[in-house]
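# Coordinate inspection notes
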Amino acid sequence: APNATVKVYKSEMDYTTWKPVLTPIGEDTNISRLLIVSLNETLPKGTKVFIEVTHPDYLSYKSTITVE
């Protein structure tokens, strides 16, 4: 939906606390029909990526994917 905010994070596990550490690597608020976000770095295969989409009038969406 227009006016959505998309934030992309690199997700790495902190094995001392067993919680993920999220490092911001991209964000965009100019979303139309296609979800395209430029990232600050090239991600190697196997990197876990956390994606968060928020919108003031719609439900939020969160997902973790693995780069292939």
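Attention here is on the structure that accompanies the text. (Residues numbered from 1 in each chain as written. Predicted model: local features only at pLDDT ≥ 70, side-chain atom pairs only at ≥ 80, totals over all residues. Heavy atoms only, no water.)

What follows covers the packing of aromatic side chains. In total, this model carries two aromatic pairs according to the counting rule given. Ring geometry for Tyr-9 and Phe-50: centres 6.1 Å apart, planes at 45 degrees, overall tilted. Residue Tyr-9 is located in strand β1 (residues 5–14), and its partner Phe-50 is located in strand β3 (residues 48–54); the two are separated by 41 residues in the primary sequence. When its relative accessible area of 17% is taken as the criterion, Phe-50 is described as buried. Aromatic pair Tyr-15 and Trp-18: ring centres 5.0 Å apart, planes at 85 degrees, arrangement edge-to-face. For Tyr-15, a relative accessible area of 56% translates into the label exposed. Among the residues examined, Trp-18 registers a relative accessible area of 61% and is labelled exposed. (Phe/Tyr/Trp six-rings, centres within 6.5 Å; stacked < 30°, edge-to-face > 60°. Helix = DSSP H or I, 4+ residues; strand = E, 2+ residues; numbered from the N terminus. Buried < 20%, exposed > 50% of the residue type's maximum accessible area, 1.4 Å probe, protein only.)

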